[in-house]
Amino acid sequence: MICPLGMIALATGAVASVVAVLSWPRPARRRTARAATGAALAAFALPETALLTRDFQVEFVALHGGRDVSPYYTVASLWSALEGSMVLWILVLTGFAFAAGHGQGDDPRRPIAMAVIMLVCACFFALTLLAANPFQPVAVAPADGPGPNPLLRGHPLMGVHPLLLYIGYAGLVVPFAYGVASLLTGECGRDRVRVMRRWTMIAWIPLTAGIVLGAWWSYGVLGWGGYWGWDPVENASIIPWFVATALLHSLMVQERRGGLRRWNVSLAVAAFLLVLMGTFLTRSGAVASVHSFTRSAVGPALLGLLTAALVATGGLLAWRADRSRAGAGLRPGFSRDLLFLVNNVLFVTLAFTVLVGTLAPLAMEAARGTPVTVGRPYFDRMTAPPALALLALMAVAPLLPWARPDPRRLIRRLRLPVAVGAGTVTALGWGGGYPPLPLAAFGLGTSALAGIAARVSEMTWCHARCGRTRTRTTATPAGRAPPRRRAGWPRAGTVRSATRRRRRAAGRSRGRPCARAGSRSTPRTGPGRRRRVRRAATCRSPGRRRGRSSRRVVAPRSCG
């Protein structure tokens, strides 16, 4: 009974996803997306039920289930094999589609982005149904099954690590979809950045946690003598992480300055294409790895999907990239803008270096017919310089302002990170036994931690000293009552905040970056009315002012 129900669920999900692609601009779009999510949930629940009830009439349960397996590893054994992992992929993808399509918004990119997401869901539904179906019956049901791989059923991270990775991988489909929509509509201004940055962060956090937990698991079980062995499947997980991290930083620059628009769209598209590449390497059997699945029919199908996505997005980038105007650009000089740009270059360099080392054996074997191996010495030698440069940037960039810094103030800020890093290198070098490269890594790492801690403490002090005590005084001439807010009108703070945001977006930002300055008058906003920004306890003038006044606390301003 489970096998036909599972096939019906997969077919329903594929049809619902296709209908959602075609009808997303119409009012019935959410119902079709919900139907696809419900079908994915049913396709996930049915094999889990078969595993827990030991229904060995299902081929997947007969091959990967067992009566002596605990319930925890029985549930986790679903994604220990190729067919079950595809079902989990579908569930996470449709979950992100449901979350991205929920709610209201006036973003013109949203219908196109949702159509792209549902198209990806339809492709994975079809792949699972046609090439990796977990609902195949067996002719003769065995009395028991072998259970999952002993390496997988001997560590509790089996139930956590793959889930986090899948959430991170599938979550990058939303920035990818909004990147494609930005190319098609030309809408990629500063006010549209927050959506892409929020979804990139939602995917980046579980992907980072999954990679860290996977390294810990490998260290404890496989005994490589380190947390990273440059395995091809491990490389396939770290390459999208490099690109997603670069995207997060460059989106901050676009939100702040309005530049790097084309670059951000390219990174958003490339991150998910690299996810598809990693999915192909893991599930095609093309690389020899303890993490990969056996060779199956899903490999050529995934390769076709990757090729189609690469050709489509590459052609779209070449055709429509000119519609994404370059924006205001970066501010010249040594500032945080420049370091963020260098940060992006280093992350992309790391991703390209690891990608070449991972795909070069496949390309050379296909060209020459002889297997070639790219080992650990290549990766260690090629990735160490950009990694050390990134550590140095982590120590300096948080302490730099967005504008051109004051040299004396910058030197004063950098004293603590430099002192901490030098002290670490001296202490470790005095004990001996450490090569120069680990010494430099430890020194730069502690400098980066010290720089981040100094920045956090400075922001905390600025908020406590300036943000909570700063008040805005609105004075009116004598004999006139202060204006009252009418019923149904927005509050004054909302209007002033909106005005402030508009002026900042237009390049007319008012106010000094540091709160140590005194009071400052602003232009008149009405006849006989002046606004004045004052800061309590340190900047309040003892003089009296004629007329009535109303005072309220406003939001803290950035301190650089």
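You'll find the structure just up there.
Keep in mind the model is a prediction, meaning the values are calculated, not measured.

The rules behind the values
Residues numbered from 1 in each chain as written. Predicted model: local features only at pLDDT ≥ 70, side-chain atom pairs only at ≥ 80, totals over all residues. Heavy atoms only, no water. Helix = DSSP H or I, 4+ residues; strand = E, 2+ residues; numbered from the N terminus. Buried < 20%, exposed > 50% of the residue type's maximum accessible area, 1.4 Å probe, protein only. Contact = heavy atoms within 4.5 Å. Areas by Shrake-Rupley, 256 points an atom, 1.4 Å probe, with all protein chains shown as cover. Phe/Tyr/Trp six-rings, centres within 6.5 Å; stacked < 30°, edge-to-face > 60°. Axes fitted to C-alpha atoms, helices over the stretch in contact; angles between N-to-C directions. Parallel < 35°, antiparallel > 145°, perpendicular 65-115°, else oblique. Left-handed = near helix turned anticlockwise from the far one by under 90°. Nonpolar A, V, L, I, M, F, W, Y, C, P; charged D, E, K, R; others polar. Expected span 1.5 Å × (residues − 1). Salt bridge = Lys/Arg side-chain N within 4 Å of Asp/Glu carboxyl O. Patch = residues over 30% accessible without salt bridge, like charges linked within 9 Å, V, L, I, M, F, W, Y side chains within 5 Å. 1 Å grid on protein atoms, 1.4 Å probe; cavity = no way out; pocket = protein on both sides within 12 Å on 5 of 7 lines; lining within 4 Å. Points joined across faces, edges and corners; volume = space filled by probe spheres on them. Bend = angle between axes of the 7 residues up to and from the residue.

Focus on the overall build of the protein
Now for step 1: Counting its regular elements, the protein contains 17 helices and four strands.
Now for step 2: Counting over 560 residues, the protein shows a buried share of 46%.
Now for step 3: Within the protein, counting contacts between residues at least 6 apart in sequence, those at least 24 apart form 77% of the total.
Now for step 4: For the protein, the accessible area works out to roughly 27,700 Å², and carbon and sulfur atoms hold 64% of it.

Focus on the packing of aromatic side chains
Now for step 1: All told, the structure shown has 11 aromatic pairs when counted by the stated rule.
Now for step 2: Both rings, one in Tyr 72 and one in Tyr 73, keep their centres 5.2 Å apart while their planes meet at 85°; by these two values the pair is edge-to-face.
Now for step 3: Assessed through its relative accessible area of 15%, Tyr 73 is described here as buried.
Now for step 4: Each ring, one from Trp 241 and one from Phe 347, has its centre 6.3 Å from the other, and the planes form 75°; the classification is edge-to-face. With Trp 241 in helix H10 (residues 232-257) and Phe 347 in helix H13 (residues 336-368), this residue pair connects regions lying 106 residues apart in the sequence. Taken individually, Trp 241 and Phe 347 each receive the classification buried, so the pair is uniform in this respect.
Now for step 5: Taken together, the ring pairs in this structure connect Trp 204, Trp 241, Phe 242 and Phe 347 into an aromatic cluster.

Some details on the environment of Gly 299
Now for step 1: If you trace the backbone, Gly 299 turns up in helix H12 (residues 298-320).
Now for step 2: Assessed through its relative accessible area of 1%, Gly 299 is described here as buried.
Now for step 3: Residues contacting Gly 299, with those up to four places away along its chain left out, are Phe 280, Arg 283 and Ser 284.

Let's talk about the packing of helix H6 (residues 110-131) against H12
Now for step 1: Running from N to C, H6 and H12 cross one another at 160°; their axes reach a closest spacing of 10 Å. Classified by the angle between their axes, H6 and H12 sit roughly antiparallel to one another. Crossing of H6 against H12: the hand is right-handed. Contacts between H6 and H12 involve Cys 123, Phe 124, Leu 127 and Ala 131 from the first element and Val 298, Ala 301, Leu 302 and Leu 305 from the second.
Now for step 2: In terms of residue class, the contact of H6 with H12 is built from eight nonpolar, no polar and no charged.

Quick notes on H12
Now for step 1: Spanning 23 residues, H12 covers 32 Å between terminal C-alpha atoms, matching the ideal 33 Å at 1.5 Å per step.
Now for step 2: Residues of H12 that are buried: Val 298, Gly 299, Leu 302, Leu 305, Leu 306, Ala 309, Thr 313, Leu 316 and Arg 320.
Now for step 3: In this structure, the buried residues of H12 make contact with helix H5 (82-101), H6, helix H8 (173-185) and helix H11 (261-284).

Some remarks on unusual backbone geometry
Now for step 1: Phi at Arg 54 takes a positive value of approximately 55°, unusual for a residue other than glycine.
Now for step 2: Inspection of the secondary structure puts Arg 54 in the loop between helix H2 (29-52) and helix H3 (59-64).

With respect to the pattern of salt bridges
Any two side chains of opposite charge can pair, given that their charged atoms come close.
Now for step 1: One pass over the structure, following the stated rule, counts three salt bridges.
Now for step 2: In this structure, Arg 194 engages Glu 255 in a salt bridge whose closest nitrogen and oxygen atoms are separated by 3.3 Å. On the criterion of sequence distance, the pair formed by Arg 194 in helix H9 (residues 193-221) and Glu 255 in helix H10 is long-range, its members being 61 residues apart.
Now for step 3: Judged by relative accessible area, which is 25%, Glu 255 ranks as partly exposed.
Now for step 4: Taking the shortest distance from any N to any O, the salt bridge between Glu 255 and Arg 197 comes out at 4.0 Å. Here Glu 255, found in helix H10, pairs with Arg 197, found in helix H9; they are 58 residues apart in sequence, far enough to count as distant.
Now for step 5: Sharing partners across several salt bridges, the network here consists of Arg 194, Arg 197 and Glu 255.

Overview of the packing of H8 against H11
Now for step 1: Viewed as axis vectors pointing N to C, H8 and H11 meet at an angle of 135°, and their least axial separation amounts to 8 Å. Classified by the angle their axes make, H8 and H11 are oblique. Crossing geometry of H8 relative to H11 is assigned as left-handed. In this structure, H8 uses Val 173, Pro 175, Phe 176, Gly 179, Val 180, Ser 182 and Leu 183 to contact H11, whose residues at the interface are Val 265, Ala 268, Val 269 and Phe 272.
Now for step 2: Per-class residue counts for the contact of H8 with H11 are nine nonpolar, two polar and no charged.

What to know about a nonpolar patch on the surface
Now for step 1: Together, Phe 334, Leu 338, Leu 341, Val 342 and Val 345 line one region of the surface with nonpolar side chains, adding up to about 370 Å² of accessible area.
Now for step 2: Take Leu 338: it is sitting in helix H13.
Now for step 3: Judged by its relative accessible area of 34%, Leu 338 falls in the partly exposed class.

Some words on the environment of Ile 90
Now for step 1: Along the polypeptide, Ile 90 turns up in helix H5.
Now for step 2: On a C-alpha basis, the gap between Ile 90 and Phe 44 in space is 8.5 Å, while along the polypeptide they are 46 residues apart.
Now for step 3: If near-sequence neighbours (up to four positions away) are discounted, Ile 90 is found in contact with Leu 10, Ala 40, Phe 124, Phe 125 and Thr 128.

A few points about empty space enclosed by the protein
Now for step 1: Under the definition given, this model contains six cavities of 30 Å³ or more.
Now for step 2: Estimated volume of the largest cavity: approximately 60 Å³.
Now for step 3: The wall of the largest cavity is formed by 12 residues, among which Arg 109, Cys 188, Val 193, Met 196 and Gln 254 lie closest to the centre.
Now for step 4: Contributing elements (two or more residues each) for the lining of the largest cavity: H9, H10 and H11.

Quick word on helix H15 (residues 407-431)
Now for step 1: Along its 25 residues, H15 runs 36 Å from first to last C-alpha, staying within 8% of the 36 Å computed at 1.5 Å per residue.
Now for step 2: At Leu 414, H15 shows its largest kink, close to 35°, and the proline Pro 417 lies no more than four residues downstream.
Now for step 3: One or two steps after H15, the chain reaches Gly 432, where phi turns positive at roughly 80°.

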